[in-house]
Amino acid sequence: MHKLVVLYSKPADPDHFRDYYVTNHLPLVMNWPGLLAWRYSFDVAATKGEAPYFAVFEADFADAAAMAAARSSVQGQRVAADVVNYATGGAVIIHYPVQDGTS
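Only a predicted model underlies this, so the values are computations on that prediction, with no experimental measurement involved.

A. Structural detail: the packing of aromatic side chains. Enumeration according to the criterion identifies 15 aromatic pairs in this entry. With centroids separated by 5.7 Å and ring planes inclined at 55 degrees, the aromatic side chains of Tyr 8 and Tyr 86 adopt a geometry described as tilted. Pair noted here: Tyr 8 is in strand 1 (residues 2–8) and Tyr 86 is in the loop between helix 3 (74–82) and strand 4 (91–97), with a separation of 78 residues, a long-range link. Of the two residues examined, Tyr 8 and Tyr 86, each falls in the buried class. These aromatic residues form a ring-pair network of at least three members: Tyr 8, Phe 17, Tyr 20, Tyr 21, Trp 38, Tyr 40, Phe 42, Phe 54 and Tyr 86. Lying over the aromatic face of Phe 42, Arg 18 brings its terminal NZ or CZ to 6.0 Å of the ring centre.

The rules behind these values
- The residue numbering used here restarts from 1 in each chain and proceeds along that chain's sequence as written.
- Local features in a predicted model are, by the rule used here, given only for residues with pLDDT of at least 70; side-chain atom pairs are given and counted only at 80 or more, and totals for whole chains, interfaces and linings are based on all residues.
- Derived side-chain values reflect all non-hydrogen atoms in the structure, with water molecules and hydrogen atoms excluded from consideration.
- Working definition: rings of Phe, Tyr and Trp (its six-membered ring) pair if their centres are within 6.5 Å, and the pair is stacked with planes under 30 degrees apart, edge-to-face with planes over 60 apart, and tilted otherwise.
- Working definition: helices are DSSP H or I runs of at least four residues, strands are E runs of at least two. Numbering for both runs from the N terminus.
- For every residue, the accessible area (1.4 Å probe, protein chains only) is compared with the maximum for its type, and the residue is labelled buried under 20%, exposed over 50%, or partly exposed between those bounds.
- Our definition puts a charge over a ring when NZ of Lys or CZ of Arg is within 6 Å of the ring centre and also within 35 degrees of the ring normal.

Written out as structure tokens, the structure is:
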């Protein structure tokens, strides 16, 4: 599996961010080709001090090629272009292969 994570810094208008994100942005995300699962939270906390991020988004893809295909698709380009409409604090996007753990 390959994971895409978006870390959002605090926006100028948190209420607008939340409303726009849920109402407009997430419906675009749901149509990404190859998307296996996704999740998000506005309740980001740090174990010590203040969290450096306001919100987080995670998306799961079968592999890096599936993620790259999704991001370069027409739908992926719409998702990327939409970020400026709500993420006034900026966003950090990271991705990585996921290694299964056992105990």
